[in-house]
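One-letter residues, chain by chain:
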Amino acid sequence: MNKSVVFKIDGVEVTATPGQTIMEAADEAGIYIPRLCDVEGLDPQGSCRLCTVKVNGRSVSSCTQPVVDGSEVENNTLEIQCYRRDLVRMLFHEGNHLCPICEASGNCELQAMGYRLGISKATKFPYLQPVRPVDASHPDILLDTNRCIHCGRCIRASASVDGKHVFGYIGRGIHRRVGVNAENLAKTDALLEDKAIASETCPVGCIIQKRNGFCTPVGKREFDHEPIGSSIENS
């Protein structure tokens, strides 16, 4: 019989199952750890670094780090929150995130994370204002990688759930972007029913379902009343 793992998050004792990640155990305990690249149903990859916590003083990605018995985890400290604010600010500055005209506004996890972390104005980072091609070739789907935050959720969903590998990274470093495995999206086998295209997969407005934009009125959108993470904290 496996022995439970007991550790602390910000001084709160948490009991976990051996093999669970810190994020999984925190979710079950009603403690929210911010994340953007991680979503239920996909394997974690720890790339956005927003879920970084400190375990016994060492920084780790909580979505990939297994729980350790007796460890002390720092999550909601001033140092870590400042680090997360800078990460989110850089994501806003690296892409073209024009919230008032974006179909995802009100349902966007990046926007909601900015609100949760108290980001309300421009910062010291330069706006890169990328000019990447918008792929509107598909009859039902639009791909605007100018809004992409490189979370990789569409890539993992297409590969591991849909079994299609429609999406993948193109280029390297600051020039890296999401592309498709054909000349354009219309020449792939992507379908509206794919997990990669589902609204909950893309955390921003990069993958848009045509004829479905702005369909939810203000006041009824996902983050209009409760901050991102409240579903975990209130569970």
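This text follows the structure it describes.
Computed from a prediction, not measured in an experiment: that's the story for all the values here.

Draft legend 1. How the structure looks around the overall build of the protein. The secondary structure content of the protein amounts to five helices and 10 strands. A compact globule built from 235 residues would reach a C-alpha radius of gyration of about 18 Å, and the protein, at 18 Å, matches this within 12%. With respect to the principal axes defined by its C-alpha atoms, the protein has extents near 55 × 45 × 35 Å. Burial status across the protein gives 46% buried among its 235 residues. Relative to all contacts within the protein whose residues are 6 or more apart in sequence, the contacts with residues 24 or more apart total 63%.

Draft legend 2. Main features of the pattern of salt bridges. On inspection of all chains with the given rule, the structure shows 12 salt bridges. Residues arginine 147 and glutamate 103 are paired through a salt bridge, measuring 3.0 Å at the closest nitrogen-oxygen approach. Taken together, the residues arginine 147 in the loop between strand 7 (141-144) and helix 4 (153-161) and glutamate 103 in the loop between helix 2 (78-94) and helix 3 (109-116) connect sequence positions 44 residues apart. The salt bridge involving aspartate 140 is made with arginine 211; its shortest N-O contact spans 2.6 Å. Of this pair, aspartate 140 sits in the loop between strand 6 (134-135) and strand 7 while arginine 211 is found in the loop between strand 10 (207-209) and helix 5 (230-233), placing the two residues 71 residues apart along the sequence. Classification of aspartate 140 by relative accessible area gives partly exposed; the value is 23%. Each of the salt bridges in this network shares a partner with another, and the network as a whole consists of Glu103, Asp144 and Arg147.

Draft legend 3. Spatial organisation of unusual backbone geometry. Non-glycine residue arginine 49 carries a positive phi angle of around 65 degrees. Residue placement: arginine 49 occurs in the loop between helix 1 (22-28) and strand 3 (52-55). Positive phi, close to 60 degrees, is recorded for histidine 165, a residue that is not glycine. Examined against the element boundaries, histidine 165 turns out to sit in the loop between helix 4 and strand 8 (167-170).

Draft legend 4. Fine view of the sheet that holds strand 5 (residues 72-74). Pairing is mixed in the open sheet, where five strands are placed in the order 2-1-5-3-4. The sheet terminates laterally at strand 2 (12-16) and strand 4 (58-61), the two strands that pair on one side only. Strand-to-strand twist across the sheet, computed as the mean angle between neighbouring axes with direction ignored, equals 35 degrees. When strand 3 meets strand 5, the two strands line up antiparallel, connected through two bridges.

Draft legend 5. Broad picture of the state of the cysteines. The final tally for this structure, using the stated rule, is zero disulfides. Looking at cysteine 102, it has no disulfide partner, and the nearest cysteine sulfur is the one in cysteine 108, 6.2 Å off. By relative accessible area, which is 10% here, cysteine 102 ends up buried. You can see cysteine 154 has no disulfide; the closest cysteine sulfur is in cysteine 151, sitting 6.3 Å from it. Look at cysteine 154 and you get buried, because its relative accessible area is 11%.

Draft legend 6. Examining the nonpolar core more closely. Leu36, Val88, Leu110, Met113, Phe167, Leu185 and Ile207 are the most contacted members of the largest nonpolar core, which has 42 residues in total. Those elements that place two or more of their residues in this core are helix 2, helix 3, strand 7, helix 4 and strand 9 (177-180). At four residues, helix 2 tops the list of elements feeding residues into this core. For leucine 185, the contacting residues outside a window of four places in its chain are Asp135, Ser137, His138, Ile141, Leu143, Val166, Phe167, Val180 and Ala190.

The rules we used
The numbering scheme is per chain: residues are counted from 1 as the chain's sequence reads. Local features in this predicted model are restricted to residues whose pLDDT is 70 or higher, and side-chain atom pairs enter the listing and the counts only when it is 80 or higher, whereas totals over whole chains, interfaces and linings include all residues. With hydrogens and water excluded, all non-hydrogen atoms of the structure serve as input to the side-chain values. Only DSSP runs of H or I with at least four residues qualify as helices, and only runs of E with at least two residues qualify as strands; both kinds are numbered from the N terminus onward. Based on C-alpha atoms, the radius of gyration is set beside the globule rule, defined as 2.2 Å times the residue count to the power 0.38. Relative accessibility decides the category of a residue: with a 1.4 Å probe and only protein chains considered, values under 20% of the type maximum give buried, values over 50% give exposed, and everything between is partly exposed. Whether two residues touch is decided by their heavy atoms; if any such pair falls within 4.5 Å, the residues are in contact. Salt-bridge detection follows one rule: a side-chain nitrogen of Lys or Arg within 4 Å of a carboxyl oxygen of Asp or Glu. Here the rule is simple: two strands pair whenever DSSP picks up at least two bridges between them. Here the axes come from fitting lines to C-alpha atoms, over the contacting stretch only for helices, and the angles between their N-to-C directions go from 0 to 180 degrees. Any cysteine sulfur atom paired with another within 2.5 Å is treated as part of a disulfide. In plain words, nonpolar cores are sets of buried Ala, Val, Leu, Ile, Met, Phe, Trp, Tyr and Cys residues tied together by side-chain atoms within 4.5 Å.

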